[in-house]
2 protein chains.
Amino acid sequence: MATRNIKEVAQLARVSVGTVSNVLNRPEIVAPATRERVFEAIKKLGFVRNEVARHLRVGRSRTVGLVVLDVSNPFFVDVAQGAESVADDHDTMVVLCNSAGDPGRERRHLDQLEQQRVMGILITPVEMESPWLEELAARGTPVVLVDSPATGLQCSVAVDDRLGGQIAGAHLIERGHRRIMFVGGPPSIRQVADRHAGIGAAVAAAAGAVELLTSTSPTLTVAEGRAVGERVAALPAGERPTAAFCANDMMALGFLQAMASHGLRVPEDMAIIGYDDIDFAAAAAVPLSSVRQPRELLGRTAIDLLLEEVAEPEEHRHRQVIFQPDLVVRKSSAQGRNP
Amino acid sequence: MATRNIKEVAQLARVSVGTVSNVLNRPEIVAPATRERVFEAIKKLGFVRNEVARHLRVGRSRTVGLVVLDVSNPFFVDVAQGAESVADDHDTMVVLCNSAGDPGRERRHLDQLEQQRVMGILITPVEMESPWLEELAARGTPVVLVDSPATGLQCSVAVDDRLGGQIAGAHLIERGHRRIMFVGGPPSIRQVADRHAGIGAAVAAAAGAVELLTSTSPTLTVAEGRAVGERVAALPAGERPTAAFCANDMMALGFLQAMASHGLRVPEDMAIIGYDDIDFAAAAAVPLSSVRQPRELLGRTAIDLLLEEVAEPEEHRHRQVIFQPDLVVRKSSAQGRNP
DNA sequence: AGATTGAGTTGAATCGTCTCAACCAACCCT
DNA sequence: AGGGTTGGTTGAGACGATTCAACTCAATCT
């Protein structure tokens with residue numbers, strides 16, 4: 001490895017290391033002729049500044065970590081892209097880490113990021129209560145919770161999932177459905193619990209006229225949605241719900257697939273609503289109704305908060321930003337139960 | 001920021017910094033009692049080792065960069081997951097960067113990664129010829145090309161895209177299609193060019209009996225696929241192709257959507273084959289036939305090659321690994337044109 | 001002439017960790 | 001008793017860039 005350092009550059013350009021450093025960081029204060037000589041030396045040697053050493057000295061990195069629950073869910077990819085677009089403008093790098101819903105993996109990623117002394121961390125935590133995260137913040141790494149509730153100890157951005165559930169439920173009830181299923185994931189995941197509570201509230205508002213079934217799965221994947229769908233499709237028509245509200249679009253897509261493979265029509269035999277409104281929702285077998293979240297905005301806002309905290313640690317006050325979801329109605333729930 | 005360093009730990013534990021370092025790196029050589037004292041001090045102070053300083057001294061990072069063409073394409077996410085699973089076993093971190101098909105962004109990411117002195121870089125380059133990449137490698141950062149052709153100067157892993165195109169073409173021809181459209185992207189992208197050449201070869205083998213139309217788009221997105229689909233659907237039935245082979249699944253999904261919204265039946269009026277076989281392909285409006293690539297394997301192999309090069313830079317010989325794609329037939333191409 | 005100013009440049013100290021030769025104490029062997 | 005061995009521990013350099021007080025040398029002012 002032929003990595004050149006600042007000293008070699010200095011030698012070749014016949015200046016001191018201090019001057020080379022100045023050329024790199026404050027070119028305007030060094031005499032044009034000298035500056036030129038240094039640039040030439042840099043070019044001739046193929047010198048690339050060692051960001052590691054720089055960072056050690058300066059004490060502040062230009063990298064932020066983004067730890068998401070599931071990279072294979074396009075929702076999180078969009079959040080990441082939002083964050084990255086802002087980071088780009090502050091020549092900051094976003095490193096994307098995947099906890100895959102596993103607290104162990106999440107913990108390892110956080111360890112790594114803290115050891116790297118990143119500028120800050122954006123995270124969609126696996127678990128609601130996380131003393132580990134608080135210690136991390138206390139030790140001096142700013143943390144912003146993404147799509148997660150406020151703890152008061154950190155900044156956070158989130159979307160009102162309870163409201164999202166409520167909207168979806170109200171929509172289905174209004175369409176005449178009286179037997180609705182919530183196709184959920186582990187209730188330990190806050191998003192799932194809130195969306196469930198939301199539709200529960202909508203059902204309660206119907207004063208007993210509507211029945212709410214609930215299924216819980218270990219993961220929120222397409223495969224899991226399909227599995228639940230298979231079971232539901234196998235039920236006799238009388239016991240089967242007439243509508244399903246899925247905890248996210250991936251599950252909804254799987255669920256939809258199962259309906260199709262059992263010859264059940266959507267929305268006539270089964271209405272379906274998903275959550276997140278990922279790009280694939282509109283491209284599904286039957287275009288999927290879905291509760292839309294402002295995905296990129298979520299990411300952009302999160303990193304804005306982080307950058308603000310880093311820039312002014314003293315006067316920074318932790319804030320909670322909450323966005324509103326809205327329902328996108330497509331064919332999968334277009335038709336009423338009783339027209 | 002109350003970041004503790006090794007010296008403070010040493011003081012509290014009443015040992016030298018060397019001993020603390022030993023506890024951290026080779027615990028077995030320090031006396032159990034001392035070790036205990038050091039661990040206690042670490043815990044009490046909330047000490048977290050500064051990986052930046054460590055790296056500066058040791059000169060070798062445990063991070064590899066993975067620069068992909070498009071994070072919003074699940075294909076690349078799967079490649080990344082493959083790479084990460086191997087990296088995990090070597091406690092190495094993968095940082096995922098998105099060039100989004102833009103040479104400028106790609107270049108900036110590469111600069112950043114080199115400055116960070118990453119252990120190596122896995123990349124799906126935007127452009128086929130890239131002197132920049134070669135200089136990078138020459139300066140000492142190992143590079144493995146992913147899903148990209150061999151240059152001889154680096155290791156590479158790829159899938160035979162030409163063969164993939166050929167298989168898809170042969171399948172459609174065998175099903176009786178005589179007017180086929182290649183729904184492609186910019187021909188400057190190697191994958192696109194190869195897949196096009198592949199289906200071209202299949203058509204040529206039919207000795208003039210089959211006509212091949214070609215559309216090119218600036219990007220390979222769902223939206224672009226839909227746009228092309230709209231145009232195609234608007235054609236009079238006589239001029240319209242009876243089958244489409246799309247450069248990737250995202251385009252195929254968009255194309256499929258356009259067919260549906262114009263009341264054209266798939267596969268009766270239009271057969272469709274996609275490429276990559278992402279998970280969403282099977283969940284599409286009409287389950288999508290697709291040329292499958294070993295996505296995770298691609299990522300795993302790439303990082304294996306990189307780790308090998310890093311472990312034994314001397315005896316390492318650059319290698320090109322090529323995998324074979326295969327066709328997954330689903331409903332979107334299930335029916336023959338002339339049964 | 002001597003003092004003052006300002007633009008450029010220098011080099012030593014610093015960041016936090018690792019490495020390695022040197023050292024120490026205790027034990028064993030003859 | 002003296003020499004060798006073993007198991008632990010120490011502390012002084014690196015690593016590569018940044019910073020800043022000190023310095024040089026002309027040009028300008030009094």
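Residues numbered from 1 in each chain as written. Chains lettered and ligands numbered in written order. Predicted model: local features only at pLDDT ≥ 70, side-chain atom pairs only at ≥ 80, totals over all residues. Heavy atoms only, no water.

Some remarks on the side chain of Ser290(B)
Residue and element names in this part refer to chain B.
Moving on, step 1. With respect to the helices, strands and loops of the structure, Ser290 is situated in strand β10 (residues 289-292).
Moving on, step 2. Look at Ser290 and you get buried, because its relative accessible area is 0%.
Moving on, step 3. Reaching out from Ser290, the side chain makes a polar contact with the backbone nitrogen of Asp277 at a distance of 2.9 Å.
Moving on, step 4. Beyond its immediate stretch of four places on either side in the chain, Ser290 contacts Asp249, Ile273, Gly274, Tyr275, Asp276, Asp277, Asp326, Leu327 and Val328. (Helix = DSSP H or I, 4+ residues; strand = E, 2+ residues; numbered from the N terminus. Buried < 20%, exposed > 50% of the residue type's maximum accessible area, 1.4 Å probe, protein only. Polar contact = N/O pair within 3.5 Å; in protein donor to acceptor, adjacent residues only side chain to side chain. Contact = heavy atoms within 4.5 Å.)

Things to note about the packing of aromatic side chains
Residues and elements named next belong to chain A.
Moving on, step 1. Counting across every chain of the model gives seven aromatic pairs over all chains.
Moving on, step 2. On the numbers, 5.0 Å between centres and 75° between planes, the contact of Phe75 with Phe76 is edge-to-face.
Moving on, step 3. Looking at Phe76, the relative accessible area reads 8%, which means it is buried.
Moving on, step 4. With centroids separated by 6.1 Å and ring planes inclined at 45°, the aromatic side chains of Phe245 and Tyr275 adopt a geometry described as tilted. Residue Phe245 is located in strand β8 (residues 243-246), and its partner Tyr275 is located in strand β9 (residues 271-276); the two are separated by 30 residues in the primary sequence.
Moving on, step 5. Members of the aromatic cluster, connected to one another through ring pairs, are Phe182, Phe245 and Tyr275.
Moving on, step 6. Directly above the aromatic system of Trp132 lies the positively charged group of Arg107, at a separation of 3.5 Å from the ring centroid. (Phe/Tyr/Trp six-rings, centres within 6.5 Å; stacked < 30°, edge-to-face > 60°. Lys NZ or Arg CZ within 6 Å of the ring centre and 35° of its normal.)

Brief notes about the relation of the copies chain B and chain A
Moving on, step 1. It takes a turn of 180° to lay chain B on chain A, together with a shift of 0.1 Å along the axis; the resulting RMSD is 0.2 Å. Expressed as a symmetry operation, the mapping of one chain copy onto the other fits a two-fold axis. Of every C-alpha in chain B, the one belonging to Ala285(B) sits nearest the axis of rotation, 1.2 Å from it.
Moving on, step 2. With an isologous cut-off of 70% or more, the 100% of interface residues of chain B that recur at the interface of chain A puts this contact in the isologous class. (Least-squares fit on C-alpha atoms with pLDDT ≥ 70 in both.)

Looking at the environment of Glu239(B)
All names here are of chain B.
Moving on, step 1. Tracing the backbone shows Glu239 in the loop between α10 (222-234) and β8 (243-246).
Moving on, step 2. Judged by relative accessible area, Glu239 falls into the partly exposed class, the value being 46%.
Moving on, step 3. Once the C-alpha coordinates of Glu239 and Arg108 are considered, the two residues, 131 residues apart in sequence, prove to be 45 Å apart.

Considerations on the UniProt feature "domain: HTH lacI-type" (unreviewed entry) in chain A
Moving on, step 1. Cross-referencing UniProt, the feature "domain: HTH lacI-type" (unreviewed entry) maps to residues 4-58 of chain A in the present numbering.
Moving on, step 2. The straight-line gap between the two end C-alpha atoms of residues 4-58 of chain A is 20 Å; of that span, 71% is helix and 0% is strand. (UniProt positions renumbered as here; feature names shortened; annotations may be inferred.)

A word on the interface of chain B and chain A
Moving on, step 1. Taken together, the contact pairs 47 residues of chain B with 48 residues of chain A.
Moving on, step 2. Together, the buried faces of chain B and chain A total about 4300 Å²; carbon and sulfur atoms form 59% of this surface.
Moving on, step 3. For the interface between chain B and chain A, the tally reads six salt bridges.
Moving on, step 4. In this structure, the salt-bridge partner of Asp88(B) is Arg105(A), at a minimum N-O distance of 2.8 Å.
Moving on, step 5. The interface formed by chain B and chain A holds 12 residue pairs in polar contact (both at pLDDT 80 or more) in total.
Moving on, step 6. Of all elements in the fold, only α4 (51-58), α5 (74-89), β2 (93-98), α6 (103-115), α11 (249-261) and α12 (279-282) of chain B reach the threshold of two or more residues within the side of chain B that touches chain A.
Moving on, step 7. Top element by residues in the side of chain B that touches chain A is α6(B). It accounts for seven residues.
Moving on, step 8. The residue makeup of the side of chain B that touches chain A, split by class, is 23 nonpolar, 14 polar and 10 charged. (Buried area = accessible area lost by both parts, 1.4 Å probe. Salt bridge = Lys/Arg side-chain N within 4 Å of Asp/Glu carboxyl O. Nonpolar A, V, L, I, M, F, W, Y, C, P; charged D, E, K, R; others polar.)

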